[in-house]
Amino acid sequence: MISLSTKYLGMSLNSPLIVSSSGLTNSVDKIKKFEELGAGAVVLKSLFEEQINYEAGALVENGLSPEAHDYITRYSKADALESYLKIIEGAKKVTKIPVIASINCMSVNEWISFATDIEQAGADALELNVFFIASGVGQASEKYEERYNELLVKIKKVTKMPIAVKIGYFFTNLVNIVNNLYVRGANGVVLFNRFYEPDIDIEKMEITSSGVFSTPADIRNSLRWVGIISDKVSKIDIAASTGVHDGKAAIKQILAGANAVQVCSVLYEKGNDQIRIMNSEIENWMQKKGYDTIDQFRGKLNYKNITNPSVYERSQFMKYFSAYQ
Ligand SMILES: Cc1cc2nc3c(=O)[nH]c(=O)nc-3n(C[C@H](O)[C@H](O)[C@H](O)COP(=O)(O)O)c2cc1C
């Protein structure tokens, strides 16, 4: 009997497929549907610090007294948080799958207290969606890196929920970054977030944004780091994210050492039923290979378990592409 169950952040998931943080999970009905389709867990759309500040700011633009300004700012923030908590409470009433909340935080201030509200609403875990563009002349990279640690430590003080930190890959030494998060109490990391990237429209002469969705080829960077980190920081859980568009890609990430796999673009592009299809692709492959459980092949091809681990570190085309002169 094949079982797709896996452990992530100390929770038991019926499937390694997690629906990523995005508008896909912004209502109780949508979350319920994902459970029916066989998702192992869902991550809610991030509660964005800057978005709520903007919403409050837009309401108070014109000439209010300081008291009214203060009142409306607080009210608007409370309102945004309230709607978020309602989704958590509602989803916990009608589903059994873990509901992971997400906060996008830039600063270490009042946001920290939202973690407590989220925990009380019944969220099973919290994903911290953190990213700072490091572009300050004269600012050492450690300054930016320290902010991730600082945020995590502050959040850990106010909640007992398991925490995953969702990061990008723009670091010189990712292994050390993830290890620093692990020693400060992170239960997991999500490798990696995908960000808006700028493009330029040369006719209109303006900056635009590039495509929002990933392609299947985008899996490779994440695959490299899942393979390395699942060995070098072996106690932290890993959810692989970016470029997972089918069951095969999910299997690759698990072979590289991921505990779970997050999916987003493919659901927007091909529909939510992909969850069901991907689960059966994984199951069929397991049957063909003679595996009954995910743990039997998780990490089988990670850095530690292959004869030549340097393939994960290879970055130059020197030998392999010599056919292309
Ligand atoms: C429309 C859209 C909205 C997203 N919103 C969020 C968000 O609120 N918080 C977050 O951490 N990631 C967000 N993401 C990133 C996804 O969760 C995911 O990490 C990224 O798309 C890479 O996975 P994929 O290749 O499966 O799409 C969003 C992605 C898309 C396409």
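Residues numbered from 1 in each chain as written. Predicted model: local features only at pLDDT ≥ 70, side-chain atom pairs only at ≥ 80, totals over all residues. Heavy atoms only, no water.

(A) Seen up close, the site of the ligand. Among the 20 residues in the neighbourhood of the ligand, the closest are listed as Ser-21, Ser-46, Ser-214, Gly-243 and Ser-265. Measuring from a nitrogen atom of the ligand, one finds a side-chain N or O atom of Ser-46 at 2.6 Å. The contact in question runs from an oxygen atom of the ligand to an N or O atom on the side chain of Ser-241, over 3.2 Å. For the ligand, the protein covers 90% of the area, taking 610 Å² as the surface of the free molecule. Counted by class, the shell around the ligand contains six nonpolar, eleven polar and three charged residues. (Near = heavy atom within 4 Å. Polar contact = N/O pair within 3.5 Å; in protein donor to acceptor, adjacent residues only side chain to side chain. Areas by Shrake-Rupley, 256 points an atom, 1.4 Å probe, with all protein chains shown as cover. Nonpolar A, V, L, I, M, F, W, Y, C, P; charged D, E, K, R; others polar.)

(B) View of the layout of surface pockets. Of the pockets and cavities examined, the largest pocket occupies roughly 850 Å³. Together, 36 residues line the largest pocket, and Ser-21, Asn-193, Arg-194, Phe-195 and Val-212 are the ones closest to its centre. When residues of the lining of the largest pocket are traced back to their parent elements, those giving at least two are helix H2 (49-59), strand S13 (260-263) and helix H9 (265-270). A total of three residues in the lining of the largest pocket trace back to one element, the largest contributor, which is H9. Tallied by class, the residues present in the lining of the largest pocket amount to 13 nonpolar, 18 polar and five charged. Reported here for the second largest pocket is a volume of approximately 300 Å³. (1 Å grid on protein atoms, 1.4 Å probe; cavity = no way out; pocket = protein on both sides within 12 Å on 5 of 7 lines; lining within 4 Å. Points joined across faces, edges and corners; volume = space filled by probe spheres on them. Helix = DSSP H or I, 4+ residues; strand = E, 2+ residues; numbered from the N terminus.)

(C) Here's a closer look at the nonpolar core. Within the largest apolar cluster, 86 residues are counted, with the highest numbers of intra-cluster contacts made by Ile-118, Leu-126 and Ile-167. Contacts of Ile-118, omitting those with residues within four sequence positions, involve Tyr-84, Leu-85, Ile-88, Ala-101, Ile-103, Ala-123, Leu-126 and Met-161. If you look at the next biggest cluster of nonpolar residues, it comprises 13 residues, including Tyr-8, Leu-13, Ala-125 and Ala-239. (Core = buried A, V, L, I, M, F, W, Y, C linked by side-chain atoms within 4.5 Å. Buried < 20%, exposed > 50% of the residue type's maximum accessible area, 1.4 Å probe, protein only. Contact = heavy atoms within 4.5 Å.)

(D) Examining the packing of aromatic side chains more closely. The final tally for this structure, using the stated rule, is ten aromatic pairs. A network of ring pairs unites the aromatic residues Phe-131, Tyr-169, Phe-170, Phe-192 and Phe-195 as a single cluster. (Phe/Tyr/Trp six-rings, centres within 6.5 Å; stacked < 30°, edge-to-face > 60°.)

(E) Focus on a positive patch on the surface. Among the surface-exposed residues, Arg-220, Lys-248, Lys-252, Lys-288 and Lys-289 lie close enough to one another that they form a single positively charged patch. When residues of the positive patch are traced back to their parent elements, those giving at least two are helix H8 (247-256) and helix H10 (274-289). (Patch = residues over 30% accessible without salt bridge, like charges linked within 9 Å, V, L, I, M, F, W, Y side chains within 5 Å. Salt bridge = Lys/Arg side-chain N within 4 Å of Asp/Glu carboxyl O. Lys, Arg positive; Asp, Glu negative; His and termini not counted. Charge placed at Lys NZ, Arg CZ, Asp CG, Glu CD.)

(F) Geometry of the packing of helix H6 (residues 174-183) against helix H7 (residues 219-232). At a minimum axis distance of 10 Å, the contact between H6 and H7 shows a crossing angle of 50 degrees. As far as their axial angle goes, H7 and H6 are oblique. Between H6 and H7 lies a crossing of right-handed hand. Every residue of H7 that contacts H6 at Leu-174, Val-175 and Val-178 is listed here: Trp-225, Ile-228, Ile-229 and Lys-232. Split by residue class, the contact of H6 with H7 holds six nonpolar, no polar and one charged. (Axes fitted to C-alpha atoms, helices over the stretch in contact; angles between N-to-C directions. Parallel < 35°, antiparallel > 145°, perpendicular 65-115°, else oblique. Left-handed = near helix turned anticlockwise from the far one by under 90°.)

(G) Structural context of the pattern of salt bridges. Summed over all chains, the structure comprises seven salt bridges. Taking the shortest distance from any N to any O, the salt bridge between Arg-194 and Asp-218 comes out at 4.0 Å. Here Asp-218 lies in the loop between strand S11 (206-209) and H7 and Arg-194 lies in the loop between strand S9 (188-191) and strand S10 (198-201), a separation of 24 residues in the sequence.

(H) Region of the structure containing the pairing of S11. Here S10 runs beside S11; their pairing, made up of four bridges, is antiparallel. From the neighbouring strand, Asp-201 faces S11, where its bridge partner is Glu-206. Counted between consecutive antiparallel strands, the loop separating S10 from S11 contains four residues, among which Met-205 sits at a positive phi close to 55 degrees. (Pairing = 2+ DSSP bridges.)

(I) Spatial organisation of unusual backbone geometry. Going from Leu-191 to Phe-192, the amide bond is cis rather than trans, its omega being 10 degrees. Assignment of secondary structure puts Phe-192 in the loop between S9 and S10. The backbone phi angle of Leu-9 is positive, close to 55 degrees, even though this residue is not glycine. If you trace the backbone, Leu-9 turns up in the loop between strand S1 (6-8) and strand S2 (11-13). Under the relative-accessibility criterion, Leu-9 is labelled buried at 4%. Backbone geometry at Thr-242 places phi at a positive 100 degrees, although glycine is not the residue there. Looking at the element boundaries, Thr-242 is found in the loop between strand S12 (237-240) and H8.

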